Amino acid sequence: MKKIINLSFIPIKTDSALLLLRVWLGFGVLLRHGVEKISGFGKMAEHFPDPIGIGSSASLSFALVSDAICSILVIIGFATRLSASIIIMNLFVAFGFLYKFSIDKPQSELAFVYLGGFIAILLAGAGKYSIDSKLK
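Residues numbered from 1 in each chain as written. Predicted model: local features only at pLDDT ≥ 70, side-chain atom pairs only at ≥ 80, totals over all residues. Heavy atoms only, no water.

Glancing now at the environment of Ser130. Looking at where Ser130 falls in the secondary structure, it is placed in the loop between α6 (106–124) and α7 (131–135). The spacing of Ser130 and Leu73 is 57 residues in sequence and 10.0 Å in space, taken between C-alpha atoms. If we ignore the near neighbours within four places in the chain, the residues touching Ser130 are Arg22, Ile76 and Gly77. Within the structure, Ser130 has its side chain in polar contact with the backbone oxygen of Gly127 (distance 2.7 Å). (Helix = DSSP H or I, 4+ residues; strand = E, 2+ residues; numbered from the N terminus. Contact = heavy atoms within 4.5 Å. Polar contact = N/O pair within 3.5 Å; in protein donor to acceptor, adjacent residues only side chain to side chain.)

Its 26 residues place the ends of helix α2 (residues 14–39) 36 Å apart at the C-alpha level, agreeing with the 38 Å of an ideal helix rising 1.5 Å per residue. At Leu30, α2 shows its largest kink, close to 40°. Looking at α2, one finds that the buried residues are Leu18, Arg22, Leu25, Gly26, Gly28, Val29, Leu30, His33, Gly34 and Lys37. Along its buried surface, α2 packs onto α3 (41–47), α4 (56–76), α5 (80–98) and α6. (Expected span 1.5 Å × (residues − 1). Bend = angle between axes of the 7 residues up to and from the residue. Buried < 20%, exposed > 50% of the residue type's maximum accessible area, 1.4 Å probe, protein only.)

Right, here's the structure in full:
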């Protein structure tokens, strides 16, 4: 009974779990937000939110780097912690300034979940199935 409750019959594979987390979250951000910013940069630049007062184009550029470039780097596990920290900054600004730290709306709830996942990646690192691991 204890094996069932603890699921101890399933081997613990931390590095596999980190790979899954990196790929899952990375593709989620890339496909939903990164591709959108790459393909619609010109249209979005006119009306993109400027929550910290650096200008719409600069805010969009930072979000594009976060959502497109850094998400790819997280997926492949290269400069993972740095990339995750950039994504965290972007998500924190969105969650804090745009959603007022509330999880009442579907978009704010998604930002909150992504934020937690990328903080986990920042704290744990990329794991052994990554380019970072091979460069050590």
